[in-house]
Amino acid sequence: MSSREQLTDFSILVKTHLNSVVRYVRFLTHGTEDARDITQEVFLKAWQQFDPQRKSSFRAWIMTITRNMVIDTFRRRGPSIKYTGTHIDTAASNATENGNCVGSDSEFCPEGLPAFAKLPVQQREIVFMRYVEQISYGEMSQITGKSEEALRKIVSRAVSAIRKEVDNETLQQGE
Amino acid sequence: MKPCNRVNEWLEQDPPPDLTKIPGSLADHISICQSCCKTVGFFRNFSQDKNLAGLSLRETGEFMKSFQNKALANSKTSDSRALPKASIFAWLDMKWSLALAMVVLLLVIGFSLFFKQTSVSVTEEVLSFAVLKGKATILSTDGKGAIVASNAEQVLVQEAGIKFDSDSEPVEIQYKNGGKVFLTGLGQMKVLKDGINVETGKFNAKFKNLGGVLKVRVPCAVLAIRGTEIQFDIHPPTAEILLVEGAADLIPENTLLKTIRLERGKRVILANNTWALPKSELQNIPKNEPPVSIASDSQPQSKPASVTDLLNAPEQGYEEDPAASEDPASSEEDIDTDSTTIGGDGEERSPIGSEDFGDN
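S.K.: What should I look at first to understand helix 7 (residues 137-144) of chain A in this one?
M.R.: Helical geometry note: an α-helix holds 3.6 residues per turn, so side chains three or four residues apart project in the same direction. Counting buried positions along helix 7 of chain A gives 6 out of 8 residues, so the element sits mostly inside the fold. Of all the residues in helix 7 of chain A, the buried ones are Y137, E139, M140, S141, I143 and T144 of chain A.

S.K.: What is the right way to look at the packing of helix 6 (residues 121-132) of chain A against helix 7 of chain A in this model?
M.R.: Packed helices, taken two at a time, are described by the angle between their axes plus the distance between the axes. Residue and element names in this part refer to chain A. Running from N to C, helix 6 and helix 7 cross one another at 140°; their axes reach a closest spacing of 11 Å. With respect to helix 7, the axis of helix 6 lies oblique. You can see that helix 6 and helix 7 cross each other, and the crossing is right-handed. Contact residues: helix 6 offers I126, M129 and R130, while helix 7 offers Y137, M140, I143 and T144. In terms of residue class, the contact of helix 6 with helix 7 is built from 5 nonpolar, 1 polar and 1 charged.

S.K.: Looking at this model, I keep getting lost on the confidence of the model for chain A. Mind explaining?
M.R.: Regions with low pLDDT should not have their predicted coordinates read in detail. Counting all residues, the mean pLDDT for chain A is 77, and 75% of those residues have values of 70 or more. For chain A, the element scoring lowest by mean pLDDT is helix 4 (residues 88-98) of chain A, at 41; helix 7 of chain A scores highest, at 91.

S.K.: What is the right way to look at the interface of chain A and chain B in this model?
M.R.: Taken residue by residue, the interface counts 51 residues in chain A and 47 residues in chain B. Across the chain A/chain B interface, buried area totals approximately 4,600 Å², and carbon plus sulfur atoms make up 60% of it. Where chain A meets chain B, there are 2 salt bridges. Between R36 of chain A and E62 of chain B there is a salt bridge, with the nearest N and O atoms lying 3.8 Å from each other. One can count 14 residue pairs in polar contact (both at pLDDT 80 or more) joining chain A with chain B.

S.K.: Can you walk me through the nonpolar core in this structure?
M.R.: Generally speaking, nonpolar side chains in soluble globular proteins are found buried as a group. Grouped together as the largest cluster of nonpolar side chains are 66 residues, with contacts concentrated most on F43, I62 and Y131 of chain A together with F43 and F67 of chain B. Ranked by residues supplied to this core, first place goes to helix 1 (residues 3-28) of chain A with 11 residues. F43 of chain A has contacts with F10, V14, H17, L18, V21, F58 and I62 of chain A together with F63 and F67 of chain B, leaving out every residue within four places of it along the chain. Listed in part, the 43 residues of the second largest apolar core include I173, L214, I225 and A239 of chain B.

S.K.: Teacher, can you tell me more about a nonpolar patch on the surface here?
M.R.: Residue and element names in this part refer to chain B. Where nonpolar side chains cluster on the molecular surface, the patch consists of V103, L107, F111, F114 and F115 and spans about 520 Å² of accessible area. Within the fold, V103 resides in helix 6 (residues 85-127). Judged by relative accessible area, V103 falls into the partly exposed class, the value being 46%.

S.K.: I keep staring at the environment of Q13 of chain B and nothing clicks. Help me out?
M.R.: Summarising the element assignment, Q13 of chain B is placed in the loop between helix 1 (6-12) and helix 2 (24-32). Looking at Q13 of chain B, the relative accessible area reads 35%, which means it is partly exposed. Ignoring any residue separated from it by four or fewer positions in sequence, one finds Q13 of chain B in contact with R130 and Y137 of chain A.

S.K.: So what exactly am I meant to see when it comes to the pattern of salt bridges here?
M.R.: In a structure, side chains of opposite charge can pair up when their charged atoms sit close to one another. Taken as a whole, this structure holds 11 salt bridges over all chains when the rule is applied. The salt bridge partner of E133 of chain A is R23 of chain A, with a shortest N-O separation of 2.7 Å. With E133 of chain A in the loop between helix 6 and helix 7 and R23 of chain A in helix 1, this residue pair connects regions lying 110 residues apart in the sequence. A single burial state applies to E133 of chain A and to R23 of chain A, both of which are buried. Here R36 of chain A ties to E59 of chain B by a salt bridge, and the two come within 4.0 Å at their closest N and O atoms. Placement of the pair is R36 of chain A in helix 2 (residues 35-48) and E59 of chain B in helix 4 (residues 57-77), with the two residues belonging to separate chains.

S.K.: Explanation requested: the packing of aromatic side chains in the structure shown.
M.R.: In this description, an aromatic ring pair is defined by two values, namely the gap between the centres and the angle between the planes. The full count for this structure, using the stated rule, is 17 aromatic pairs over all chains. An aromatic cluster is present here, built from F10, F43, W47, F50, F58 and W61 of chain A together with F63 and F67 of chain B joined pairwise through their rings.

S.K.: Would you mind showing me how to read helix 6 of chain A here?
M.R.: Spanning 12 residues, helix 6 of chain A covers 16 Å between terminal C-alpha atoms, matching the ideal 16 Å at 1.5 Å per step. Positive phi appears at Q134 of chain A, one or two residues downstream of helix 6 of chain A, with a value of about 55°.

S.K.: Would you take a moment to explain the pairing of strand 12 (residues 267-271) of chain B for this structure?
M.R.: On a regular strand, one side chain projects to one face of the sheet and the next to the other, so that they alternate. Residues and elements named next belong to chain B. Burial within strand 12 is extensive, with 4 of its 5 residues counted as buried. Bridging between strand 10 (residues 238-252) and strand 12 involves 4 bridges; their strand directions are antiparallel. Within strand 12, the residue paired with E240 across the bridge is I269. Looking at chain direction, strand 12 and strand 13 (residues 274-276) are connected through 3 bridges and run antiparallel. Residue pairing for strand 13: I269 is matched across the bridge by A276. The hairpin turn running from strand 12 into strand 13, its antiparallel successor, is 2 residues long, and N272 in that turn takes a positive phi close to 55°.

Thresholds, definitions, all that
- Residues numbered from 1 in each chain as written.
- Chains lettered and ligands numbered in written order.
- Predicted model: local features only at pLDDT ≥ 70, side-chain atom pairs only at ≥ 80, totals over all residues.
- Heavy atoms only, no water.
- Buried < 20%, exposed > 50% of the residue type's maximum accessible area, 1.4 Å probe, protein only.
- Helix = DSSP H or I, 4+ residues; strand = E, 2+ residues; numbered from the N terminus.
- Axes fitted to C-alpha atoms, helices over the stretch in contact; angles between N-to-C directions.
- Parallel < 35°, antiparallel > 145°, perpendicular 65-115°, else oblique.
- Left-handed = near helix turned anticlockwise from the far one by under 90°.
- Contact = heavy atoms within 4.5 Å.
- Nonpolar A, V, L, I, M, F, W, Y, C, P; charged D, E, K, R; others polar.
- pLDDT = per-residue confidence, 0-100.
- Buried area = accessible area lost by both parts, 1.4 Å probe.
- Salt bridge = Lys/Arg side-chain N within 4 Å of Asp/Glu carboxyl O.
- Polar contact = N/O pair within 3.5 Å; in protein donor to acceptor, adjacent residues only side chain to side chain.
- Core = buried A, V, L, I, M, F, W, Y, C linked by side-chain atoms within 4.5 Å.
- Patch = residues over 30% accessible without salt bridge, like charges linked within 9 Å, V, L, I, M, F, W, Y side chains within 5 Å.
- Areas by Shrake-Rupley, 256 points an atom, 1.4 Å probe, with all protein chains shown as cover.
- Phe/Tyr/Trp six-rings, centres within 6.5 Å; stacked < 30°, edge-to-face > 60°.
- Expected span 1.5 Å × (residues − 1).
- Pairing = 2+ DSSP bridges.

Spelled out as structure tokens, the structure:
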């Protein structure tokens with residue numbers, strides 16, 4: 001197979017998963033302008049390392065690259081990118097020290113859904129993957145490196161927390 | 001009041017539920033449970049949030065165009081990308097194979113060169129029995145043509161015929177044991193491991209430092225030489241040998257004939273396939289004279305009359321020894337086994353033939 005044919009094949013995969021990667025980058029970077037550039041870098045890197053055998057698990061692979069790329073960018077640029085996906089502990093501790101909810105200053109906050117913003121960073125990432133990107137526990141395990149069991153617990157706690165917040169909001173609205 | 005959590009299980013199932021398609025049983029509950037309804041609504045709104053929208057069609061097109069250009073440029077700059085992984089491995093394998101083949105080839109060439117040099121030197125060292133110096137031509141084995149003609153040293157590894165025509169610079173045959181033969185004149189002979197085989201020519205041969213007995217084969221006889229100087233005039237069927245210096249035994253091929261001892265100044269003539277002393281010299285030889293030791297490096301005598309003169313007037317020079325006729329064994333074989341002293345230096349010599357010159 002020639003390089004052009006391979007690129008054609010790869011382009012189909014890019015087109016299929018482009019929006020997922022863009023959303024994930026926006027989510028991790030709080031919707032900064034770098035989202036498209038980072039996405040471009042992600043797919044170029046994937047193209048350099050592309051193996052046709054990866055087609056079956058391409059989404060998990062590309063999301064892993066995206067996650068690592070954002071981490072690298074975050075490390076290079078420091079505070080200019082407000083990363084919320086990794087360095088969870090650091091981010092959480094900083095937020096606690098400041099007395100603010102983690103990610104409360106984020107540009108990325110679903111309108112009318114403050115319950116999400118109140119979630120710990122780790123739970124927010126998993127909730128994003130699960131309910132926005134419809135990623136299974138298995139794939140999430142590949143991307144984040146956590147066990148499926150741990151991920152189930154995170155999802156369970158996140159759903160409970162959101163439900164609690166929603167109930168509180170309902171109660172407050174009722175009053 | 002315990003909060004309702006009936007939708008939680010559905011929300012947590014794997015794979016993630018499609019929030020737009022709520023199962024019928026759950027849909028009934030959701031319609032009456034406000035908390036569950038709000039929770040499901042939250043996740044549905046969350047997944048459709050505008051902040052999480054993807055790229056528009058135009059943006060996607062631009063992105064893809066930009067990406068493909070970059071990816072293509074990337075492919076061109078990187079040769080490895082142009083090849084599929086399998087091809088890369090095949091290419092790597094091929095490179096390794098080529099490298100391995102080159103190494104093997106170099107080793108083979110190296111070994112062949114090494115062994116070639118070794119074999120040549122070993123062959124020359126081990127198999128050579130003499131070195132030929134001077135202006136001589138080494139004849140091919142069939143005697144038809146010369147294969148080497150050189151003034152340089154020629155190592156003789158096998159018996160070879162030589163032809164020489166040298167008046168001023170003698171041709172030298174240096175045997176491995178140190179024995180030397182200097183040839184001056186015109187002649188053709190075969191250089192053997194244990195001596196020489198004179199075929200034709202008129203030349204002078206000087207033998208020096210012979211460790212043992214050198215056999216000089218002439219027509220119808222063999223000369224056993226231990227260091228001497230001899231003039232040969234061999235033109236079969238006639239021939240003449242003049243001993244200039246030293247001593248030698250002429251052993252006829254015919255075992256019935258007696259060995260002729262050649263001493264300084266003596267000559268023998270071949271006639272009718274028989275070697276014999278000229279009549280004039282026969283008269284000088286006392287009968288039953290005991291062997292006389294003659295120094296090999298003694299001074300040469302004045303040369304007798306020319307060979308042709310002698311040839312013109314040969315007598316039936318060979319005088320049959322009565323003892324020899326009685327006992328045929330007292331011919332060549334006799335001399336071979338007896339400890340006949342033929343050297344002129346007074347030391348005891350070993351029997352002729354038992355001390356093979358070429359093997360020394």
